[in-house]
Amino acid sequence: MKKYNFNAGPSILPDVVLEAAAKAIIDFDGTGLSLLSISHRTPEFDAVLAEAKSLFRELLNIPDNYQIYFVGGGASTQFFHIPANFLGKKAGYVHTGVWTKKAIKEAKFYGQVQIVASSEDKNFTYIPKNFEIPSDLDYLYICANNTIYGTEYKSDIDSPVPLIADMSSDILSRPVDVSKYAMIYGGAQKNLAPAGVSFVIIRDDMLQSVKRELPTMMNVNTHVENNSMFNTPPVFPIYVLRETLKWMKAEGGLEVIYARNQKKAALLYAEIDRNSLFRGTVAEEDRSLMNICFVMSEGNEELASEFMSFAKERGMVGIKGHRLVGGFRASCYNACPVESVEALVACMQEFEQLHK
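Predicted model, so just to flag it, every value in this text is computed and none were measured.

1. Observations regarding the packing of helix α6 (residues 235-251) against helix α7 (residues 254-274)
A pair of packed helices is characterised by two quantities: the angle between their axes and the separation of those axes.
Now for step 1: α7 packs onto α6 with a crossing angle of 85 degrees between their chain directions and a minimal axis gap of 7 Å. Classified by the angle between their axes, α6 and α7 sit roughly perpendicular to one another. On the side of α6, the interface is formed by W247, M248 and E251, while α7 contributes L254, V256, I257 and R260.
Now for step 2: For the contact of α6 with α7, a count of residues per class yields five nonpolar, no polar and two charged.

Laid out in structure tokens, this is it:
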């Protein structure tokens, strides 16, 4: 049976990327050695790292006054790296769910945290807007896409203070004006690579604004100055990330990927809105392109487990909603083909017919 992968992460990767990675595990770049066994100090891996950075810069149109580095530890490591480096007195956080809650908790170890806006009053089902950003903040922090609740920023904030964004789950899914951000970071396991590596895009002036003496590995300058190789980097995930960026470029770049993501999301949201058995869970203007969340409609809640089994029998994988919100979640990351979304829509329509 054909499988349709909607896992929230680690997530689907392009077939050509998986094939290249599988070959490299046996023989990396004609070296006769496995990618899993090479030294990260070889010219061959230097070339992988350099191309990954170059493609990242090209695809996202990253200005010259920004540095890119890759580091292990996952995006959650950045929850404390960021305030350790940049929180002197007070930082502002926009609270939009679990991931900002975790980041806020870590930031409080280093200074004052001001919640400048929050969507907690409606269980994080919308993105706060039109809030005032105090000018005395060391930085403003947001999570651009919320995988658990299915909300996403649709435009870049104009901030009078340095803006830092967690883009773990929507990086390179849509155009972003990088120049509006002081730092963009994220785990790679949604749109770029398997788990094990995080990316950081950071403006040059931020490197001069570290607030305190830090252990070497916690200082952002360490990773910039040592070209992501102060310690042994996660070689395999970086290689896969490079291959994914190559795939994106071959597909036509970010505009093509974005149009495809819009098409997938429009198909599924239209069915959620049309189908009498389902309903969406977040404000329509804030619906995520990446993580599409829905539940059974009022009066049909008892059909949830039946639909889950029904969908599984038809090859749907990973559509169970997060345990905190329940329901269903289809994660339609870049490598998720339109055909998968069409198959899920057909599954929902078939289920509706059975219960008319």
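Back to the write-up after that little detour.
2. Describing the sheet that holds strand β12 (residues 291-296)
Now for step 1: The three strands lie next to each other as β11-β12-β14, forming an open sheet whose pairing is antiparallel. Of all the strands in the sheet, the pair left with one neighbour each is β11 (278-280) and β14 (328-331). Strand-to-strand, the axes of this sheet are offset by a mean angle of 35 degrees, without reference to chain direction.
Now for step 2: Here β11 runs beside β12; their pairing, made up of three bridges, is antiparallel. Bridged to G280 within β12 is F294.

3. Re helix α3 (residues 75-86)
Now for step 1: The terminal C-alpha atoms of α3 lie 17 Å apart, and with twelve residues this matches the ideal 16 Å at 1.5 Å per residue to within 8%.
Now for step 2: In terms of residue burial, α3 counts as a mostly covered element, since ten of its twelve residues are buried.
Now for step 3: Every buried residue belonging to α3 is among A75, T77, Q78, F79, H81, I82, P83, A84, N85 and F86, and all of these are buried.

4. A word on the pairing of strand β2 (residues 66-71)
Now for step 1: Taking burial as the measure, the six residues of β2 include five buried ones, the bulk of the element.
Now for step 2: Alignment of β2 against strand β10 (residues 198-203), held across six bridges, turns out to be antiparallel. Its bridge partner being in β10, I68 is matched across the sheet by I201.

5. Digging into the layout of surface pockets
Now for step 1: Roughly 290 Å³ of internal volume is contained in the largest pocket.
Now for step 2: Taken together, 19 residues make up the lining of the largest pocket; nearest its centre are W99, T147, S168, Q189 and K190.
Now for step 3: Residues of the lining of the largest pocket, tallied by class, amount to seven nonpolar, nine polar and three charged.
Now for step 4: Taken together, 13 residues make up the lining of the second largest pocket; nearest its centre are P128, K129, Y153, S155 and I157.

6. Examining the packing of aromatic side chains
Now for step 1: For the structure on display, the rule yields 14 aromatic pairs.
Now for step 2: Relative to F294, the ring of F278 has its centre 5.6 Å away and its plane inclined at 80 degrees; by these criteria the two rings are edge-to-face. Taken together, the positions of F278 in strand β11 and F294 in strand β12 put the pair 16 residues apart, joining distant regions of the chain.
Now for step 3: Within the aromatic cluster, the residues linked to one another by ring pairs are F278, F294, F307, F310, F328 and F351.
Now for step 4: One residue, K122, lies across the ring of Y126, its end atom 5.9 Å from the ring centre.
Now for step 5: One residue, R314, lies across the ring of F310, its end atom 3.5 Å from the ring centre.

7. A short note on the sheet that holds strand β5 (residues 140-143)
Now for step 1: Ordered by their spatial adjacency, seven strands build an open sheet running β2-β10-β9-β8-β5-β3-β4, and the pairing between neighbours is mixed. The open sheet has two free edges, formed respectively by β2 and β4 (112-118), since each of these has just one partner strand. For this sheet, the mean inter-axis angle between neighbouring strands, taken without regard to orientation, is 20 degrees.
Now for step 2: Pairing analysis gives six bridges linking strand β3 (residues 90-95) to β4, with the strands arranged parallel.

8. A look at unusual backbone geometry
Excluding glycine, residues mostly have negative phi values, and the peptide bonds linking residues are mostly trans.
Now for step 1: The linkage connecting G9 with the following residue, P10, adopts the cis geometry, with an omega of -5 degrees.
Now for step 2: You can see P10 is positioned in the loop between β1 (4-5) and α1 (15-26).
Now for step 3: With phi around 55 degrees, N123 is a residue other than glycine that occupies positive phi space.
Now for step 4: Tracing the backbone through its elements, the reader meets N123 in the loop between β4 and β5.
Now for step 5: Since its relative accessible area comes to 45%, N123 is described here as partly exposed.
Now for step 6: Even without being glycine, N130 reaches a positive phi, approximately 55 degrees.

Cut-offs applied
Residues numbered from 1 in each chain as written. Predicted model: local features only at pLDDT ≥ 70, side-chain atom pairs only at ≥ 80, totals over all residues. Heavy atoms only, no water. Axes fitted to C-alpha atoms, helices over the stretch in contact; angles between N-to-C directions. Helix = DSSP H or I, 4+ residues; strand = E, 2+ residues; numbered from the N terminus. Parallel < 35°, antiparallel > 145°, perpendicular 65-115°, else oblique. Contact = heavy atoms within 4.5 Å. Nonpolar A, V, L, I, M, F, W, Y, C, P; charged D, E, K, R; others polar. Pairing = 2+ DSSP bridges. Expected span 1.5 Å × (residues − 1). Buried < 20%, exposed > 50% of the residue type's maximum accessible area, 1.4 Å probe, protein only. 1 Å grid on protein atoms, 1.4 Å probe; cavity = no way out; pocket = protein on both sides within 12 Å on 5 of 7 lines; lining within 4 Å. Points joined across faces, edges and corners; volume = space filled by probe spheres on them. Phe/Tyr/Trp six-rings, centres within 6.5 Å; stacked < 30°, edge-to-face > 60°. Lys NZ or Arg CZ within 6 Å of the ring centre and 35° of its normal.

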